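Chain residues, written in single-letter form:
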Amino acid sequence: MLIPFFIPHAPVVDITQTDSAGDATDTDVYTFSSQDLGAAAVNRIIAVAIGVAYTTVRTIDSVTIGGITATVVDCEGTNHRTAVAYASVPTGTTGDIVVDFSGTAVRCAIVVYRIVDANPTVHDSDAPAGAGDGSRSISIDVPAKGGVIASAVSADMTVGSFTAGGVAELEQASEVDSGVAAGHLNTDLLLSAYAITYSSC
């Protein structure tokens, strides 16, 4: 008797940059309208890397992606903050991304990512403490066939690259030049990231 069987193949997390935007307006709420979210999918996660500059420290009160409240992993610096916000957003190919701060900031930039075949529960996250000159690093557990979204901001934008040890493939988004560095003399480099596990199908 022949008994057919198959071994299910666990997918690799698929991460694609879909959009980016910047706004140099002084405000406490930045609305990036009609951002490209990519094709809809029942297992789609949208992650948003965020960089902001301010003259007085501001916290992120909330981030919404297509009207859905996102979870935020962020890191505070002297004049800057960087964050990764993420949410399960299964429907819609475009959506407004709204970043609400505790007070007026001077500019904000975002990069948008579409993620599929990923567990919506964060596997690991980290954000380093400290500010000032030099590099920042994190230690984060990246599962096999998983992925990482990371965000960094520099006051003078002279540091423009990520390096990652132990990650087989590193794709860096184009820099979003929204004037985040303008008017600031310190050289904070902040980094926040989160890792996601793959989902089985």
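Residues numbered from 1 in each chain as written. Predicted model: local features only at pLDDT ≥ 70, side-chain atom pairs only at ≥ 80, totals over all residues. Heavy atoms only, no water.

### A short note on the side chain of Thr82
Secondary-structure assignment places Thr82 in strand S7 (residues 80-88). A distance of 3.1 Å separates a polar atom in the side chain of Thr82 from the backbone oxygen of Ile50. (Helix = DSSP H or I, 4+ residues; strand = E, 2+ residues; numbered from the N terminus. Polar contact = N/O pair within 3.5 Å; in protein donor to acceptor, adjacent residues only side chain to side chain.)

### Points about the nonpolar core
Of all hydrophobic cores here, the largest spans 24 residues; its most connected members are Ile50, Val63, Ile65 and Ile110. Elements represented by at least two residues in this core include exactly strand S2 (27-36), strand S3 (45-53), strand S4 (60-65), S7, strand S8 (94-105) and strand S9 (107-116). Excluding its chain neighbours within four sequence positions, the residues that come into contact with Ile50 are Val63, Arg81, Thr82, Ala83, Ala85, Val99, Cys108, Ala109, Ile110 and Ser151. Counting 12 residues, the second largest nonpolar core, distinct from the first, contains Ile45, Val84, Val111 and Ala118. (Core = buried A, V, L, I, M, F, W, Y, C linked by side-chain atoms within 4.5 Å. Buried < 20%, exposed > 50% of the residue type's maximum accessible area, 1.4 Å probe, protein only. Contact = heavy atoms within 4.5 Å.)

### Let's talk about the sheet that holds S9
In space, the five strands of this open sheet follow the order S1-S9-S3-S7-S6, with antiparallel pairing throughout. The sheet terminates laterally at strand S1 (14-23) and strand S6 (71-76), the two strands that pair on one side only. Strand-to-strand twist in this sheet, taken as the mean axis angle between neighbours without regard to direction, amounts to 15°. For S3 and S9, the ladder comprises nine bridges, and the chain directions are antiparallel. Each residue of the ladder has a partner; that of Ile45, found in S9, is Ile115. (Pairing = 2+ DSSP bridges. Axes fitted to C-alpha atoms, helices over the stretch in contact; angles between N-to-C directions.)

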